[in-house]
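The lines below spell out each chain.
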Amino acid sequence: MTALTGPAPRREPRSILPWLAVPALVLFVGFAVIPLLGVFALSFTTWDGIGAIHPSGLTSWRAVLTDPGLPHALWVTFLVMAVSWAVQTPLSILLGTFMAGRQRYRAVLGVVYFVPLMLSSAAIAIAYKALLDPNFGLGSGLKIQTLSQDWLGRPWLAFGVVIFVVSWQFVPFHSLIYQGGVQQIPKSLYEAAQLDGAGRIRQFFSITLPQLKYTIITSSTLMVVGSLTFFDLIFVLTEGGPGDATRVLALDMYKRGFQASLMGPASAIAVILVLVGLALALLLRRLGGRDAGASQLEGA
């Protein structure tokens, strides 16, 4: 007697979605992982950028870690990071919230605000350097004594100019992120707040900011990690001066590698930059406490 059996279970076709990530993975390995491993290996050598590469053990690392200029470069890097974050974040949130409105003129202003991000950092630095020239710049042309100062010749003024130019260039990008975050907030929350008599300021602090928690974490991560790579703008604008007032770690790496022909120590600094950026990104992610359930609540 033959036992009755149901239909054979249908086999689901294998998903092709994992294979779609292969090209991106190949590009990431080829242009990120392999060069990073090469830089790490280069940090244990002595090389002038042209001749033969000679293994030298920990010589380059010892030279970098015992250099008294390294703590100062780290301090300036973290100072630029902290101050630029403190300036860009409030401005980006306010502009992003403003541009999230439905009025047509706000969309036009959003396009205008985005223009600085389309410009080259080097071109922006050249333009501001010309405008701030104490003899032939904007202040001299308009006969305004306040604008005719030696902006790039005094340490704190030069530092302030760097923060201003960086913020001017990158605030539009983060404003766009916050604009998208605000547009994801349910309108019913604002309608309920209006019924309770809450004004716009109260709605902003009680609804908008709490709902933007994870957007702030994302923007801050991009802002903090991106500040580690500030090089071209500072190089053209101040070249790390006056003195070493604006000599960030990325600029220190360039000067060691391409001006002093010390590729080993420059590679060691590059590895330090990667480790610092990775640590900061993990720290911000940890502070955000984001999980799968929480991520679904934002803008729900």
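Just above sits the structure.
For clarity, every value in this text was computed on a predicted model and none was experimentally measured. (Residues numbered from 1 in each chain as written. Predicted model: local features only at pLDDT ≥ 70, side-chain atom pairs only at ≥ 80, totals over all residues. Heavy atoms only, no water.)

Chemist: Describe the overall build of the protein chain, listing the residues and the values that go with them.
Modeler: Scanning the protein chain from N- to C-terminus turns up 15 helices and two strands. For 300 residues, the compact-globule estimate of 2.2 N^0.38 gives 19 Å, and the C-alpha radius of gyration of the protein chain, at 25 Å, exceeds that figure by more than 25%. The C-alpha extent of the protein chain, read off along each of the three principal axes, is 95 × 65 × 30 Å. A sequence separation of at least 24 residues applies to 67% of the contacts in the protein chain between residues at least 6 apart. (Helix = DSSP H or I, 4+ residues; strand = E, 2+ residues; numbered from the N terminus. Rg over C-alpha atoms; globule rule 2.2 N^0.38 Å. Contact = heavy atoms within 4.5 Å.)

Chemist: Quick rundown of unusual backbone geometry? Include the residues and the values.
Modeler: For the peptide bond that leads from glycine 241 to proline 242, omega is 0°, which places it in the cis range. Note on placement: proline 242 falls in the loop between α12 (232-237) and α13 (249-259). Positive phi, normally seen in glycine, also occurs at glutamate 239, with a value near 55°. Position of glutamate 239 among the secondary structure elements: in the loop between α12 and α13. A positive phi angle is found at serine 261, which is not glycine, with a value near 55°. Tracing the chain through its elements places serine 261 in the loop between α13 and α14 (263-288).

Chemist: How would you explain the nonpolar core if you had to name every residue and give the values?
Modeler: Val80, Val161, Val165, Leu233, Ile234, Leu237 and Val248 are the most contacted members of the largest nonpolar core, which has 21 residues in total. Among the elements of the structure, α4 (69-99), α6 (121-131), α8 (155-183) and α12 are those that each provide at least two residues to this core. Counting 17 residues, the second-largest nonpolar core is a separate cluster that includes Trp61, Val64, Leu70 and Leu284. (Core = buried A, V, L, I, M, F, W, Y, C linked by side-chain atoms within 4.5 Å. Buried < 20%, exposed > 50% of the residue type's maximum accessible area, 1.4 Å probe, protein only.)

Chemist: Hey, could you go over the environment of methionine 223 for me, with residue numbers and the actual values?
Modeler: Summarising the element assignment, methionine 223 is placed in helix α11 (residues 213-227). A relative accessible area of 5% means that methionine 223 is categorised as buried. In sequence terms methionine 223 and isoleucine 201 are 22 residues apart; their C-alpha atoms lie 26 Å from each other. Ignoring any residue separated from it by four or fewer positions in sequence, one finds methionine 223 in contact with Ser84, Trp85, Gln88, Thr89 and His174.

Chemist: Just give me the short version of a nonpolar patch on the surface, but keep the residues and values in it.
Modeler: On the surface, Ile16, Leu17, Trp19, Leu20, Val22 and Val26 cluster together into a nonpolar patch covering about 680 Å² of accessible area. Elements that contribute at least two residues to the nonpolar patch include exactly α1 (17-20) and α2 (22-42). Ranked by the residues each element gives to the nonpolar patch, the list is headed by α1, at three residues. Tracing the backbone through its elements, the reader meets valine 22 in helix α2. Residue classification places valine 22 among the partly exposed positions, given a relative accessible area of 33%. (Patch = residues over 30% accessible without salt bridge, like charges linked within 9 Å, V, L, I, M, F, W, Y side chains within 5 Å. Areas by Shrake-Rupley, 256 points an atom, 1.4 Å probe, with all protein chains shown as cover. Salt bridge = Lys/Arg side-chain N within 4 Å of Asp/Glu carboxyl O.)

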